[in-house]
Each structure stands twice: as C-alpha cells, then as structure tokens.
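# A structural walkthrough
Chain by chain, the residues run as shown.
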Amino acid sequence: MTDVLLSAADPLPLRPRRILVTGCSGSGKTTVAAALATRLGVPHHELDALFHGPEWVPRPTFVADVTALAATDCWVVEWQYSHVRPLLLARADLLVWLDLSRARVFSQLLRHSVVRRLRRVELWNGNFEAPLHTIFTDPEHVVRWAWGSYDRVEPRVRAVLAQDEHPVVVRLRSRQEIQRWLAHVG
C-alpha cells in the first residue's frame, strides 16, 4: 500500500466492507459511521454502546464483543479505545479520518453536550450527559477529554500510513467535504 491520503474528490479503489471512522471526540464519527452503514448496506456498531455499561461502568465483555465484531465480514465502527484499535485495524479495508478544525469540533461538541443534557437524551445503557458544570470539575468530561486528545489523532493516522500494509485512508477536512464524499460512496 502507498501512504497517499485520499480526499473527498478521490474515488475509492474498492467497495469497502469493514470501515473505521476516526477523529477527535465530537468530530462526528458516529454520525458519519451511521451514514456510511446506511449507504453501503453494512451494520454500524457504536463502540461507546459496547464499552459503557450502566452508570458508565466499562462492560467486562467489551474486548470479547469487539473481537467477535471484528471477525465478521462487514461493519462500520468508530476507531477508538486503544486496547481494541489493533483488532479493528487488522481487519479494516477503509479508514475515514475526520480531520476537522479544533474550532469546528468544539463548537459541535459543546452544542451537542448542552442539547443532550437539557433534553435528558439517553446515550448508552441508561447513561446521560453529565451536568454542564462538570466541564470545569471533571477531567473525564467529554469536552475536556476531547480537548486533551485532539492532537493525538493525526499521529495515530500517520502511524497507520507508515505501515507496509494498511487500509485505504480518506481524509475529510470539513463538513462540506464529508457531505460531498458521502454523496458519492456506495
């Protein structure tokens, strides 16, 4: 494989069956993964729902569940959780990188966090968005987590590209590019 990054304008060299979507928390991974799954007719599995049990306790079957999922023929998942990333990467044939600006990611993330909290939207397994004031008090709050992890995504993708064997990688740098690319996938 080559280390070339495809853009929104480039055609895919294959019809993907096992797809990873990566980006900072709040970049739209789940939204894009669900849209891809619909367009391609493959199942979308949300890793957060597999990881978080009731009261935010990690599910003890998470790694086994992801191992079983990775072994199947087709899927779309968000590429997160360091202890299962290698399992998923080894089987993926496409990695979609949502490389949005920090300002864009955080405006989306703040808006979604506020709306989910005010509307009491259930996220996964009976869990809800934390109270808004915990942005300032909880180092694990999704907004603080995203801020601290934003700069880790690009080196992770570059490490994939440096491997001799890796999936096709598409880099999408704006909402417009994402929409344009999704319109032509399938």
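Just above sits the structure.
Since this is a predicted model, take the numbers as computed values, not measurements. (Residues numbered from 1 in each chain as written. Predicted model: local features only at pLDDT ≥ 70, side-chain atom pairs only at ≥ 80, totals over all residues. Heavy atoms only, no water.)

Here we come to the sheet that holds strand β4 (residues 94-98). In space, the five strands of this open sheet follow the order β2-β3-β1-β4-β5, with parallel pairing throughout. Looking at strand neighbours, the two that pair on one side only are β2 (44-45) and β5 (168-172), the edges of this open sheet. Strand direction decides the pairing type here: β4 and β5, joined by five bridges, are parallel. From the neighbouring strand, Val96 faces β5, where its bridge partner is Val170. Strands in contact with helix α1 (residues 29-40) are β1 (18-23), β2, β3 (75-78) and β4; relative to β1, the strand with the most contacts, it is inclined by about 160 degrees. (Pairing = 2+ DSSP bridges. Helix = DSSP H or I, 4+ residues; strand = E, 2+ residues; numbered from the N terminus. Contact = heavy atoms within 4.5 Å. Axes fitted to C-alpha atoms, helices over the stretch in contact; angles between N-to-C directions.)

Here we take up the pairing of β1. Of all six residues that make up β1, six are buried, and the element is covered over most of its length. Burial along β1 is two-sided: Arg18, Leu20 and Thr22 and Ile19, Val21 and Gly23, pointing in opposite directions, are all buried. Pairing of β1 with β3 involves four bridges; the strand directions are parallel. Bridge pairing in β3 links Ile19 to Val76. Pairing analysis gives five bridges linking β1 to β4, with the strands arranged parallel. Paired with Val21 across the strands is Val96, a residue of β4. (Buried < 20%, exposed > 50% of the residue type's maximum accessible area, 1.4 Å probe, protein only.)

The next point concerns the packing of helix α5 (residues 102-119) against helix α7 (residues 142-149). Relative orientation of the contacting elements α5 and α7 amounts to 165 degrees, with a least axis distance of 10 Å. Taken together, the axes of α5 and α7 are roughly antiparallel relative to one another. The crossing of α5 and α7 is right-handed. Only Val142, Val143, Ala146 and Trp147 of α7 make contact with α5, whose side of the interface consists of Arg102, Phe106, Leu109, Leu110 and Ser113. Of the residues in the contact of α5 with α7, the class split is seven nonpolar, one polar and one charged. (Parallel < 35°, antiparallel > 145°, perpendicular 65-115°, else oblique. Left-handed = near helix turned anticlockwise from the far one by under 90°. Nonpolar A, V, L, I, M, F, W, Y, C, P; charged D, E, K, R; others polar.)

All right, on to α7 then. Of the positions making up α7, those classed as buried are Val143, Ala146 and Ser149. Take α7 and look down its axis: the buried residues cluster within an arc of 140 degrees, on one side only. Summarising the contacts, the buried residues of α7 are in contact with α5, α6 (134-137) and α8 (153-162). (Arc of directions from axis to C-beta.)

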